[in-house]
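# Reading the structure
Listed below, chain by chain, are the residues.
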Amino acid sequence: MATGADFLLSGSAGVQLQEGRRAHEGRRAILLTRKTDVGEFISLASTMGIEIIEVIHQPGSSDPRHVLGSGRLEAIRDELKAKVEGHPWSGVDLVMVHHNASPRQLVNLNEILEFEVWDRVRLLLHLFTNHANSVEARTQVRLARLRADSSVLREIVHRETTGERMGWGAGGKHAWQGVLETVQKEVVAVQKKQRKHARSQAERRRQRKRSGVSTVGLAGYTNAGKSTLFMALSGKDVLIEDRLFSTLETTVGRMLSSPRVLMADTIGFIDRIPAELLDAFRATLAESLECDLLLLVLDAGDSLSEIDRKLKTSRRDLLERMDGDDRPITGVVLSKIDLLKEDIDEIYHLVEENGLEVIAEVSAIAEQGLDELCQCILDELIGPPLKFHLRHQTEKDSTPIERLLHDLHECGQMDSQIDNGEQGFEIEMRIPKLDLDRLISRHPTRVEMQ
Ligand SMILES: Nc1nc2c(ncn2[C@@H]2O[C@H](COP(=O)(O)OP(=O)(O)OP(=O)(O)O)[C@@H](O)[C@H]2O)c(=O)[nH]1
Ligand SMILES: [Mg+2]
């Protein structure tokens, strides 16, 4: 049998060996919990193809040593060991704990149960490993797993040092100290690589800003419909699935209706995600959150209590991630409006109670409200449409009118352009004020505002 530590350290080894995408599919687990609301945890497990056979609920607050009481855990261990023919737990090879366990709790649980144990953080780490499709996502997941492993290793080394528990496998203290040092060296190396990548991303963002391009960031709870909305507005193909955490990296694409506006789709939020884990995704989130307009996507098909819970989580995660001075304008977009089952006024009320404002109701699938959302985005980023006359060239100003029209198309969003023959063109368009002022100062006789 593998030692307890082998189970606890699936992290770095798993990522180094490119843990198979389906590595845990078909596994059967029991779930230990102090809370009754386990729906989301079961969804996370089923996303990985893991079936929860039984939920064991022990009411009360979490035990600081091993989450559940030791008597209960020992009884579970004995039952897992007995494996009587026909027992409902036959085939169970994993115990899950509905809790973000501390390293101490995790090592204790493993010791008492003598079984493979995953807490909520470990479940998320395995799930992220499975879903990581890009180099960026894989690097971030690797960093998160290495960090989780170092905290468990520190706990093991501490125990070996204080004699609290001897003999984790053959090595003893010195061997574990060696493993810990190796893992910590790797953390430093991966962090260095990630920082370099983050710096070049930040430079790209600065260049975009200098060239007058604005960015719309999409954020929101996992499975809210961010990627579907991104695809509808940018036309760029991204992964869309009815599961949690389909997206783990940021994709940037131009908005179809205005090529000077970029959109960024990114990883979603989830309740009580440990700071350590979120930290590994900091660069990815920055790519989307450092924007001019942030759209918080909220699934309108949820119940009111779910909407409230997801809104609070998203809001907290967002505010924590942003500097007070640097915060972009934020508006709530109600997605999946075709699945609405609650009173819409109550949803608006909840959003307001959370200090935010609904700016659009859309269904990317039923193609509802998308034009209105685009107009709203352009109003916010560029300003309302302006009407003006553009006159033909004269002796004093010989720049051909075609050239001016070309420049206008380049820097703004043309709504209509009517050819009035001798009179020139009658134009209605959205254009950044700076660009229009520049045109007027260069060609004062050619532009006449209406
Ligand atoms: N009925 C309906 N379903 C939608 C709509 N938008 C998205 N969905 C579905 O909701 C599920 C999740 O959509 P995604 O776009 O992948 O959600 P996401 O927010 O990107 O999710 P993660 O990347 O996992 O955080 C998919 O099954 C979509 O088909 C919509 O407007 N109407
Ligand atoms: Mg997505």
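Below or above, wherever it landed, is the structure these notes cover. (Residues numbered from 1 in each chain as written. Chains lettered and ligands numbered in written order. Predicted model: local features only at pLDDT ≥ 70, side-chain atom pairs only at ≥ 80, totals over all residues. Heavy atoms only, no water.)

The textbook angles at a metal center are 109.5 degrees for a tetrahedron of four donors and 90 or 180 degrees for an octahedron of six. At the metal site, the magnesium ion (ligand 2) is ligated by S227 (OG) and T247 (OG1), and these contacts range over 2.0 to 2.1 Å. With S227 in helix α9 (residues 226-234) and T247 in the loop between α9 and β6 (251-255), this residue pair connects regions lying 20 residues apart in the sequence. Exposure class is identical for S227 and T247. Each is buried. (Donors = N, O, S within 2.8 Å, 3.2 Å for Na, K, Ca; no water. Helix = DSSP H or I, 4+ residues; strand = E, 2+ residues; numbered from the N terminus. Buried < 20%, exposed > 50% of the residue type's maximum accessible area, 1.4 Å probe, protein only.)

Glancing now at the sheet that holds strand β2 (residues 51-57). One open sheet holds the four strands; their spatial order is β2-β1-β3-β4, and the pairing between them is parallel. One side of each edge strand has no neighbouring strand; the edge strands of this open sheet are β2 and β4 (117-118). One ladder, built from two bridges, connects strand β3 (residues 92-97) with β4; its direction is parallel. Each bridged residue has a counterpart across the sheet, and for M96 the counterpart in β4 is W118. (Pairing = 2+ DSSP bridges.)

The next thing to look at is the site of ligand 1. Within the structure, ligand 1 sits among 22 residues, and K226, T228, S246, T247 and D338 are positioned closest to it. S363 has a polar side-chain atom sitting 3.2 Å from an oxygen atom of ligand 1. One of the backbone N or O atoms of A364 is found 3.0 Å from an oxygen atom in ligand 1. Protein burial of ligand 1: of its 660 Å² of free accessible surface, 90% is covered by the chains. One can see that ligand 1 is located within the second largest pocket. (Near = heavy atom within 4 Å. Polar contact = N/O pair within 3.5 Å; in protein donor to acceptor, adjacent residues only side chain to side chain. Areas by Shrake-Rupley, 256 points an atom, 1.4 Å probe, with all protein chains shown as cover. 1 Å grid on protein atoms, 1.4 Å probe; cavity = no way out; pocket = protein on both sides within 12 Å on 5 of 7 lines; lining within 4 Å. Sits in = over half its atoms within 2 Å of the grid points.)

With that settled, consider the sheet that holds β6. Reading across from one edge, β6-β7-β5-β8-β9-β10 is the order of the six strands in this open sheet, with mixed pairing throughout. Looking along the sheet, the strands with just one partner apiece sit at the ends: β6 and β10 (358-361). Looking at each pair of strands side by side, their axes are set apart by 30° on average, direction ignored. Against the sheet, α9 engages β5 (214-220), β6, β7 (258-265), β8 (293-299) and β9 (329-335), with an angle of about 35° to β6. This element, helix α12 (residues 304-321), spans β5 and β8 of the sheet and lies at about 155° to β8. (Axes fitted to C-alpha atoms, helices over the stretch in contact; angles between N-to-C directions. Contact = heavy atoms within 4.5 Å.)

Bringing the layout of surface pockets into the picture now. In this structure, the largest pocket encloses a volume near 750 Å³. Lining the largest pocket are 30 residues, and of these R205, A286, E287, L289 and E290 lie nearest its centre. Looking at the lining of the largest pocket, the elements with two or more residues in it are α8 (172-210), α10 (275-280) and α11 (282-289). Roughly 450 Å³ of volume is contained in the second largest pocket. N223, A224, G225, T228 and K336 are the residues nearest the centre of the second largest pocket, which is lined by 30 residues in total. Considering each element in turn, the lining of the second largest pocket owes the most residues, four residues, to α9. Of the residues that constitute the lining of the second largest pocket, the class distribution is ten nonpolar, eleven polar and nine charged. (Points joined across faces, edges and corners; volume = space filled by probe spheres on them. Nonpolar A, V, L, I, M, F, W, Y, C, P; charged D, E, K, R; others polar.)

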